[in-house]
Amino acid sequence: SERVWHQATEYRVPRIVFVNKLDRLGADFGRACADLEAKLGGTFVPLLVPIGRDGGYLAALDLVRDVLLTWSVTSEDDRPAESPIPAEFRALADAGRERVVEAAAIGDDTIVDAFLESGAVDAARLRDGLRAAAHTLHLVAEAGEREDRALPDGVVIVGDEDACPGGEQCNR
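Residues numbered from 1 in each chain as written. Predicted model: local features only at pLDDT ≥ 70, side-chain atom pairs only at ≥ 80, totals over all residues. Heavy atoms only, no water.

## Description of the sheet that holds strand β5 (residues 67-70)
No. 1: Spatially, four strands are ordered β3-β4-β5-β6 in an open sheet, and the strand pairing comes out antiparallel. The open sheet is flanked by β3 (48-51) and β6 (81-83), the only strands paired with a single partner. Each strand axis lies, on average, 30 degrees off the axis of its neighbour in the sheet, ignoring direction.
No. 2: As judged from the four bridges shared by β3 and strand β4 (residues 59-62), these two strands associate in the antiparallel manner. The partner of L48 across the bridge, within β4, is D62. (Pairing = 2+ DSSP bridges. Helix = DSSP H or I, 4+ residues; strand = E, 2+ residues; numbered from the N terminus. Axes fitted to C-alpha atoms, helices over the stretch in contact; angles between N-to-C directions.)

Structure (structure tokens):
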């Protein structure tokens, strides 16, 4: 897969990385992201950050939309519930979102100005900036133990309906 990765770099193919098996004992999302940068080079920007470790996580911070996503163990519905980010995770979310803003500014340099002026940038503008910068950075999302777990709207930001086979939405 490293060979394919380097070919994709050579031909400037945008990529999104999914870190899976985070439900396993000893899994560490931060370490996985650091390993990606060390082994493959480039800038990796997490869009979702899992909360919990070793199979005990059913929540993630959505850094683009600045919300907490929570999946139910008992529900058949694979869509996460959204809620405001609790104070205990606010520092982690703010640090991650700042990195997302910096990455989006590669594609749209007015984003940093907007962030410095108001302290906030809306999700649609961040997605547009990340889409424009997709050739120079790599986006990272997490995937857990439930194979049927859906990604929330807006996480797959590089694709859009026109880019998907048959006009289907990429993130469904």
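Structure's up, so let's keep going.
## Details of the packing of aromatic side chains
No. 1: Evaluation of the coordinates by the stated rule reveals one aromatic pair.
No. 2: Ring geometry for W5 against F44: centres 5.7 Å apart, planes inclined by 20 degrees, an arrangement best described as stacked. A residue pair is termed long-range when its members are at least 10 positions apart, and W5 in helix α1 (residues 2-10) and F44 in strand β2 (residues 44-46) qualify at 39 residues. We note that W5, like F44, is buried.
No. 3: Seen from the ring of W5, R15 lies directly overhead, with NZ or CZ sitting 4.4 Å from the centre. (Phe/Tyr/Trp six-rings, centres within 6.5 Å; stacked < 30°, edge-to-face > 60°. Buried < 20%, exposed > 50% of the residue type's maximum accessible area, 1.4 Å probe, protein only. Lys NZ or Arg CZ within 6 Å of the ring centre and 35° of its normal.)

Functional significance is not addressed by these values, which are geometric in nature.
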